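# Structure assessment
In case you want the letters, here they are:
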Amino acid sequence: MIEGKEICKSFDGFPALDHLDFHVPKGAVYGLVGPNGAGKSTLLRSCMGIFKVDKGNIFVDGEEVFENPHAKGRMVFIPDEIFSFRTADILEMKKYYQSIYPKFDEKIFEGLRECFPELSEKKHVRKMSKGMQKQAAFWLAISCRPEVILLDEPVDGLDPVMRRQVWNILLEEVAKREMTVLVSSHNLRELEDVCDHVGFLSKGKMVLEKSLESLQGSISKWQMAFEGDCPGFENIDIMHHSDLGRVHTLIIRGGLETVRKKIEAYHPLFLDVLPLTLEEVFIYEMGGEDYAVKEFFTE
Amino acid sequence: MQSKNSLLSKALIKKDFTRFWPVWAVELLGLLMILTGIVSNLNYTIRDYGYVNLEDFMMPVGGITILFSLITAVMVFGYLSDKKEAYLVHSFPVKRQTMFWSHYVAGFLMVFVPVFLCFVCYAVCIPVRAEDFLFLFVVFLQIFAGSFAAYNLACVSMLLTANKLSGMVIYLVFNGFVYGIINAINFMGEFMVYGTSNDLLSYELYSLPMHILTMFTPLAFFNVQIVTVEMVKKHTFAFQWAWQAFPSFFILIPAVLFLVAAYYLYKKRAIETAGDMLAFSWAKPVYKAVFTFFSSLLFVLFILTVGNYGYSYQSAYAVRFQIVFLMILGATLGYFAVTMILNKTFFIWKRLRWFQYVLPAAGMLLVLLGVKAAGAFYVYVPDAEQIDFIEIVQGYEDENMYSGGGHLFFQKSEEIKTLEELTRECIKEQKERSSGKYADDIYQVYYHLKDGSRMDRSYEIDTKTDSVKKIRKYCYNAGIVTHSFMDGTVANTQVDVSDGKSEFTKTWSHTSSYDDAKVTMNDVPDECGSILYEALKQDEKEGHIPLSYAEKPDRKGTLYNVHFEISLVEKSREKYGEMEEETEPRFLDFYVAEEHVHTIKAIETLIKEKKLVNQAGLS
């Protein structure tokens, strides 16, 4: 559905996106993960045709996005900071979106009203709290019936109930209409629950791009103990190693069964597989990119 | 949604129009208030003067539209300076060209609908005749043309930047650019060479560029070009607007160019620059250079004015070292200031590299040296080979004996060469004069060049200096009359002999300075002129200098004043087609004292023969 090839974008000589490739399948919920300054927001804005990329192409359903109203008419972008006109209320913003987006659906707008009970339609959007502004943005965006929705830190500022509510609406749209979602967030716990694909960005490059299933299948967390010293673990791709007494915890890259066999060859006293969160995958993947958590000592 | 190729989006236009309603509402209100004031005085105006002067109406309306052109452009394109809004708007499924034209048209309507309504009200309110509508319409078109250019320029300014304040500053700077350039050129010229011409920029090499620059600045247009069209109740002024009004529509050319530039700036701009002082990286060095240069000039003028340096245009050369120092200092300060503005921080020294500290000073020094070496600013004495003939005017500030001083003409190549050298010497000497001293003479030189043009130069001189005495002596010795009066260059000579009493001759306006003078003559036949001239030459040969140019005449010793009126100009006009009318007949005055025996004898003889008539009745 969305495909980027060799995308380059720099700001005053600083490469924000550096020969980046990615692919978001139709109907996928694709999570963009990366440290601050990795290029997530730049990628989203480039995908939406706000930024013109210096090199490469971005296609949505085979169509170039930049300066293409047809492609952009099928997409909606919710930025991290919501903008509304100075004195506009939700109804006024609705009218504006209605005149801009060809597929704006009045029925959906009316239908969603009860999903956002706290929102007053006649209150100036600018006077609303950050969370309420986000809700209003979702309300309007979903009413446009987009085929692709791009979300930059979408639930930042929303309370837990409303987070769940918003994700439910989005996932329902994904299920019903095969809407494609490209979302960037630092809340990996949440992404883990909703995403089926993940892309790891670092320094403007796509470090890793996989479905969540295959990602979790290719990296695993093991706990084990040995009678004597810990062996050297040759032929095992260890991403992280920590120990507490004689108990060793290892994050290992590779298939579950393959890794098990390799470890069992060292005759551990016990061996156990622990659940690995997306956050841990992120931290250990980024550690390899010189982004490990550093310890800070004070005297 | 608009179709793929649609240029306008109704939604965007409507949104701008409703969102920024206070702008056009205030503009309309302002215009109506002006209208009310004018209409309320209308009856008195018509009663007293018999007509309605549209200039009273035009200037405030023009001023308001210029102001609101800027405000409107800032409003409709202001979203480009706010990252949040810019990102949202550019995520919409609308092409950039549609976005530009929609915002542009919305702003255009916001500026001009109130003006149009105002004109309609004016036409309805005042008792105009059908034919007067034509004049009203012409005025409307003129205001439209000027405001159209102003609005387009404001759009360019806004789209060149990504910051509202920066856009407004650039608009104002651009509008004041013409005046800035004029002042800069005058200032540089005055500081680099001694002596200026008041009309330096009105002709010669600067005239065409200045006209073009004036056309490109709406403020200058409204100030200079807008015509006065009077709606006269009794007679028509058709001819007046025909030649006055239409040239002013040439401003539509830059207006259209501004529009094209605005469109391409919009299309090419990167949205991520929102909030930056400039939207295009190539504009930064230009902005820095212009800002640095003008801040340097402003700094010098400010310090010289505030510091009471006795600064004047004529004496700038005397404080040239101070000026150079201040210009370099001003450039450095200006460079730091513009770097702070562009980087939006006060702490720029950490960002600057070592060479950037000396860059502005070195740059300004190079500019000064380059301009001086090229002589581009001010060729104060042209090369002798370029000169056809020289006309020199000297006047005495403490006397009324000349209106504009006497004129001397030199056209032989050796005269021109000598005079040019003397002039250079004189200027060099005068240039060193301290600024506190004021000269008591004006030494005016017209260089009539071989290409038919004329260069006017004017120098304040101290008559006591040796160089000036040399020039005066030379002027006398070169025998001006020999070369201009007798050799055929000058035709239709008329000679007056005047005693300067309260009786005025037709060519002599001096009154009663010469108590000892004897006769007043007028309408002297040509033969008398020749006789008098020969007599003067004889006196000259014997060492008596009868010319006023030798030195100031001793009034009490003056017996006669011989006045030649020379119609050199008519002759010259045939040769140099564009000669100006105000340079018509030249006057040569000779003061005859007792030692000028040949001249006195000639005059007395002519009186006896009744060829010269004593108009005052004296003998």
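These numbers come from a predicted model, not from an experiment.

Now for helix 8 (residues 164–175) of chain B. With twelve residues, helix 8 of chain B extends 17 Å from end C-alpha to end C-alpha; this agrees with the ideal 16 Å at 1.5 Å per step. Its side-chain oxygen placed 3.0 Å from the backbone nitrogen of Leu165(B), Asn163(B) serves as the N-cap of helix 8 of chain B.

For the pair helix 3 (residues 90–100) of chain A and helix 1 (residues 10–19) of chain B, interaxial distance at closest approach is 9 Å and the crossing angle is 150°. Comparing their axes, helix 1 of chain B and helix 3 of chain A come out roughly antiparallel. In contact with Glu92(A), Tyr96(A), Ser99(A) and Ile100(A) of helix 3 of chain A, helix 1 of chain B contributes Ala11(B), Leu12(B) and Lys15(B). Of the residues belonging to the contact of helix 3 of chain A with helix 1 of chain B, the class tally is four nonpolar, one polar and two charged.

Here we take up the pattern of salt bridges. Residue and element names in this part refer to chain A. Inspection of the entire model under this criterion finds 20 salt bridges over all chains. Across the pair Asp156 and Lys130 runs a salt bridge whose closest N-O atoms are separated by 3.1 Å. Placement of Asp156 in the loop between strand 7 (148–152) and helix 6 (160–177) and of Lys130 in helix 5 (residues 130–143) is noted, with a sequence separation of 26 residues between them. For Asp156, a relative accessible area of 35% gives the class partly exposed. Note on Lys130: relative accessible area 48%, which makes it partly exposed.

Right, let's talk about the confidence of the model for chain B for a bit. Residues and elements named next belong to chain B. Model confidence for chain B is summarised by a mean pLDDT of 69, while 52% of its residues fall at 70 or above. For chain B, strand 7 (residues 494–498) is the element with the lowest average pLDDT, namely 39, and helix 13 (residues 252–268) is the one with the highest, namely 92. In this model residues 224–242 is a low-confidence stretch, pLDDT under 50, and it forms 52 contacts with partners more than four residues away in sequence or in other chains. Low pLDDT, under 50, characterises residues 615–619; the stretch is placed with twelve contacts to residues that sit more than four places away or in other chains.

Turning next to the packing of helix 6 (residues 96–125) of chain B against helix 13 of chain B. All names here are of chain B. Relative orientation of the contacting elements helix 6 and helix 13 amounts to 135°, with a least axis distance of 9 Å. Viewed along their axes, helix 6 and helix 13 adopt a mutual orientation that is oblique. Judged by the sense of rotation from one axis to the other, the crossing of helix 6 with helix 13 is right-handed. Contacts between helix 6 and helix 13 involve Arg96, Gln97, Met99, Phe100, Trp101, His103 and Tyr104 from the former and Leu259, Ala262, Tyr263, Tyr266, Lys267 and Lys268 from the latter. Here the residues of the contact of helix 6 with helix 13 sort into eight nonpolar, two polar and three charged.

Basis of the calculations
Residues numbered from 1 in each chain as written. Chains lettered and ligands numbered in written order. Predicted model: local features only at pLDDT ≥ 70, side-chain atom pairs only at ≥ 80, totals over all residues. Heavy atoms only, no water. Helix = DSSP H or I, 4+ residues; strand = E, 2+ residues; numbered from the N terminus. Expected span 1.5 Å × (residues − 1). Polar contact = N/O pair within 3.5 Å; in protein donor to acceptor, adjacent residues only side chain to side chain. Axes fitted to C-alpha atoms, helices over the stretch in contact; angles between N-to-C directions. Parallel < 35°, antiparallel > 145°, perpendicular 65-115°, else oblique. Contact = heavy atoms within 4.5 Å. Nonpolar A, V, L, I, M, F, W, Y, C, P; charged D, E, K, R; others polar. Salt bridge = Lys/Arg side-chain N within 4 Å of Asp/Glu carboxyl O. Buried < 20%, exposed > 50% of the residue type's maximum accessible area, 1.4 Å probe, protein only. pLDDT = per-residue confidence, 0-100. Left-handed = near helix turned anticlockwise from the far one by under 90°.

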